[in-house]
Amino acid sequence: MGFPQTRMRRLRASASLRGLVRETDLRAGALVLPLFVCEAAAIHGAEREPIATMPGIDRLSLAAAVAEAREAAALGVAGVMLFGVPAEKDASGSGAWDEDGIVQLATRAIKQAVPDLLVLTDVCLCEYTDHGHCGVLRTDGAGAPTVDNDASLELLARTAVSLARAGADIVAPSDMMDGRVGAVREELDGEGFSETPILAYSAKFSSAFYGPFREAAGSAPAFGDRRGYQMDPANGREAVREALLDVQEGADMVMVKPALAYGDLIHAVKQATGLPVAAYNVSGEYAMVKAAAAAGYIDERSAVLEILTSLRRAGADTIVTYHAKDAAQWLAHQT
Ligand code: PBG
């Protein structure tokens with residue numbers, strides 16, 4: 001039946017009717033807030049250091065990270081995702097698996113202060129290597145160095161175990177080496193952490209939208225780029241294949257990253273895997289919204305809630321977003 005018997009506007013006539021038939025919900029309990037935890041020397045002894053391209057997000061001392069975690073928990077946010085900014089870096093990124101590394105310390109401190117808040121830890125070497133790549137380098141002959149996939153696996157697995165030992169609720173490998181989910185699972189199981197879930201950054205694209213993060217974490221590659229290991233933004237079928245491989249290797253959850261330009265893949269990965277899917281609403285996506293809102297070009301609150309709702313609609317169960325605290329607050333006071 002068509003018009004005039006059918007009138008789509010009937011169910012849009014009031015807030016209650018719209019609420020009755022709303023297909024997608026957004027809850028603070030589906031949100032994860034990323035935090036940049038810094039060794040004192042990396043932020044000149046300060047408690048917080050603003051990140052110029054990400055208004056509202058700071059580089060944090062250990063104590064400030066605990067305070068942020070408390071605030072997030074009080075707002076009902078599900079968890080925090082920790083990124084470390086060490087004072088010193090080396091060729092192999094050994095700070096990543098240091099038992100007293102900044103993320104290990106922050107994990108212990110947050111779990112002690114706010115036990116119910118989930119602590120997710122990024123597993124990657126790029127914040128800890130002096131060359132800024134996500135794995136260790138190998139130089140063959142006279143050519144430029146390349147990132148050595150297989151040699152990196154052991155270091156990533158070691159990093160995941162040290163984070164699990166510190167109390168991480170979920171470890172999240174983001175390096176895009178082949179086979180890393182399997183390597184991490186095997187090492188975790190062997191070390192007594194068979195209950196620790198893996199959230200795999202399965203479809204992680206080589207993206208312009210990571211710019212502000214790299215400034216915040218000081219993790220821009222010193223030479224070349226990440227296109228040799230992160231995915232080509234043009235490839236959707238390959239993203240599904242990456243996710244299915246990670247499922248085979250033992251991933252408990254899979255991620256699509258960035259989020260806004262990749263809604264089709266959030267949907268496709270959800271359909272193909274049936275696993276819980278996370279979307280990472282990355283730093284550049286946050287920066288665009290904040291800049292446009294500051295200029296008065298868009299209304300921040302409605303734009304953010306629309307964006308986060310669209311990610312849920314695409315199929316994301318979990319959303320990692322720098323807007324998490326704001327969104328949780330807005331959701332609690334919705335009209
Ligand atoms: C580490 C990592 C990055 C991000 C998350 N984990 C940076 C990168 O791959 O260059 C980006 C997150 C963001 O932009 O918010 N490999």
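For the structure, see preceding data.
Throughout, residues of each chain are indexed from 1 in the direction in which the sequence is written. In keeping with the model being predicted, local features are shown solely for residues with a pLDDT of at least 70 and side-chain atom pairs are shown and tallied solely at 80 or more, while totals for entire chains, interfaces and linings include all residues. Each side-chain value is derived from all of the structure's non-hydrogen atoms; neither hydrogens nor water enter the calculation.

(A) Here's a closer look at helix α8 (residues 263-273). Those residues of α8 not exposed but buried are Leu 265, Ile 266, Val 269 and Thr 273. Projected down its long axis, α8 shows its buried positions confined to an angular sector of 105 degrees, all on one face. Among the exposed residues of α8, those pointing more than 90 degrees away from its buried face are Asp 264 and Gln 271. Each residue is assigned to one of three classes by its accessible area relative to the maximum for its type, calculated with a 1.4 Å probe on protein chains only: buried under 20%, partly exposed between the two thresholds, exposed over 50%. Note on conventions: DSSP H or I runs of at least 4 residues are helices, E runs of at least 2 residues are strands, and numbering of each starts at the N terminus. What the arc describes is the spread of directions from the helix axis to the C-beta atoms.

(B) Structural context of the pattern of salt bridges. The salt bridge criterion pairs a side-chain nitrogen of Lys or Arg with a carboxyl oxygen of Asp or Glu, the two atoms within 4 Å. Following the criterion strictly, the structure yields 21 salt bridges and no others. Arg 138 serves as the salt-bridge partner of Asp 140, at 3.2 Å between the closest nitrogen and oxygen. Residue class for Asp 140 comes out partly exposed when judged on its relative accessible area of 47%. Arg 138 gets classed as partly exposed once you look at its relative accessible area, which sits at 38%. Asp 225 is paired through a salt bridge with Arg 227; the nearest N and O atoms lie 2.8 Å apart. Judged by relative accessible area, Asp 225 falls into the partly exposed class, the value being 36%.

(C) Main features of a nonpolar patch on the surface. Surface patches are drawn from residues lacking salt bridges whose relative accessible area is over 30%; two like charges belong together within 9 Å, two nonpolar side chains (Val, Leu, Ile, Met, Phe, Trp, Tyr) within 5 Å. Throughout, the Shrake-Rupley method with a 1.4 Å probe supplies accessible areas, and for residues the shown protein chains are the sole cover considered. Judged by side-chain polarity, Leu 11, Leu 20 and Val 21 come together as a nonpolar surface patch covering roughly 300 Å² of accessible area. The topology assignment puts Leu 11 in the segment before α1 (15-20). By relative accessible area, Leu 11 is classed as partly exposed at 45%.

(D) Quick look at unusual backbone geometry. The omega torsion across Phe 3 and Pro 4 is 10 degrees, close enough to zero to call that bond cis. Cis peptide bonds are those with omega within 30 degrees of zero, and the linkage from Lys 257 to Pro 258 qualifies with -5 degrees. The backbone phi angle of His 44 is positive, close to 55 degrees, even though this residue is not glycine. Tracing the sequence through the fold places His 44 in the loop between β1 (31-38) and β2 (48-50). For His 44, a relative accessible area of 67% translates into the label exposed. In this structure, Met 176 takes a positive phi of about 70 degrees despite not being glycine. Here Met 176 shows up in the loop between β8 (170-173) and α5 (180-190).

By themselves, these figures tell us nothing about what the structure is for.
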